[in-house]
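Descriptive structure summary
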Amino acid sequence: MTDLINAAKTGDVAAVESAIEQRADINAKDEEGAAALTAAAEAGNAEIVNKLLAAGADVRSQDNDGWTPLMSAAAAGHREIVQLLLSAGADVNARTNFGLTALMSAAGSGRTEVVEFLIEKGADIKAKDHNTWTALIWASSEGHQDAVEVLKLARDRT
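Residues numbered from 1 in each chain as written. Predicted model: local features only at pLDDT ≥ 70, side-chain atom pairs only at ≥ 80, totals over all residues. Heavy atoms only, no water.

1. Focus on the nonpolar core
Ranked by internal contacts, the top residues of the largest apolar core, which has 53 residues, are L52, V82, L85, L103, L118 and L151. Aside from chain neighbours lying at most four places away, what touches L85 is L37, A41, V49, L53, V59, P69, L70, A73 and A90. (Core = buried A, V, L, I, M, F, W, Y, C linked by side-chain atoms within 4.5 Å. Buried < 20%, exposed > 50% of the residue type's maximum accessible area, 1.4 Å probe, protein only. Contact = heavy atoms within 4.5 Å.)

See below:
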């Protein structure tokens, strides 16, 4: 793991700033294919996410499994980070190698506030993964009733 990725993961703002100043490869990836932006998004550190985006981090980068920073932030329930990434051009309907979307990851993790926000931002509630599961099925299978209700309401409006 690069020093930048480690600093992004642990929330070390000074180390991230130093790496950027020293022209570190902002988009370098670890052994799992995740970049510093993914680490910061998953950790929920908005200050570091903003610094990385300003330095040119690839908002659409994917790890070895196809996960994007947006998916990681959504699964972790970091609405502010989700908003930052979408504003920076993240694809709300990007898919992993398995066909998961950010909406599915948020729904399966019971992140109802993020589910609502992603729907507002145009997430495809009818999208299916490779097992033909939708976000609604993911939320239901994990017992996240609040997310189920939000998804049912959104489905009924379409």
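2. Considering the packing of helix α1 (residues 3–10) against helix α3 (residues 36–43)
The geometry of α1 relative to α3 is characterised by a closest axis approach of 7 Å and an angle of 10 degrees between their N-to-C directions. Of the possible angle classes, the one that applies to α1 and α3 is roughly parallel. Note on element contacts: α3 touches α1 through A36, A39, A40 and A43, opposite L4, I5, A8 and K9. Here the contact of α1 with α3 is built from residues that sort into seven nonpolar, no polar and one charged. (Axes fitted to C-alpha atoms, helices over the stretch in contact; angles between N-to-C directions. Helix = DSSP H or I, 4+ residues; strand = E, 2+ residues; numbered from the N terminus. Parallel < 35°, antiparallel > 145°, perpendicular 65-115°, else oblique. Nonpolar A, V, L, I, M, F, W, Y, C, P; charged D, E, K, R; others polar.)

3. Concerning a negative patch on the surface
On the surface, E116, E120, D146 and E149 cluster together to form a negatively charged patch. Those elements that place two or more of their residues in the negative patch are α8 (112–120) and α10 (145–157). (Patch = residues over 30% accessible without salt bridge, like charges linked within 9 Å, V, L, I, M, F, W, Y side chains within 5 Å. Areas by Shrake-Rupley, 256 points an atom, 1.4 Å probe, with all protein chains shown as cover. Salt bridge = Lys/Arg side-chain N within 4 Å of Asp/Glu carboxyl O. Lys, Arg positive; Asp, Glu negative; His and termini not counted. Charge placed at Lys NZ, Arg CZ, Asp CG, Glu CD.)

4. Here we look at α1
Along α1, the residues classified as buried are L4, I5, A7 and A8. Down the axis of α1, the sector holding all buried residues measures 165 degrees, keeping them to one side. Among the exposed residues of α1, those pointing more than 90 degrees away from its buried face are D3 and T10. Summarising the contacts, the buried residues of α1 are in contact with α2 (13–21), α3 and α4 (46–54). One or two residues past the end of α1 sits G11, with phi positive at roughly 80 degrees. (Arc of directions from axis to C-beta.)

5. Structural notes on the environment of A107
For A107, the position within the fold is in helix α7 (residues 102–108). As for A107 and A75, which are separated by 32 residues in sequence, their C-alpha atoms are 7.8 Å apart.

6. Structural notes on helix α6 (residues 79–87)
Looking at α6, one finds that the buried residues are I81, V82, L85 and L86. Projected onto a plane normal to the axis of α6, the buried residues spread over an arc of 135 degrees and lie on a single side. Exposed residues pointing more than 90 degrees away from the buried face of α6 are listed as E80 and S87. Downstream of α6 by a residue or two, G89 has a phi angle that is positive, lying close to 105 degrees.

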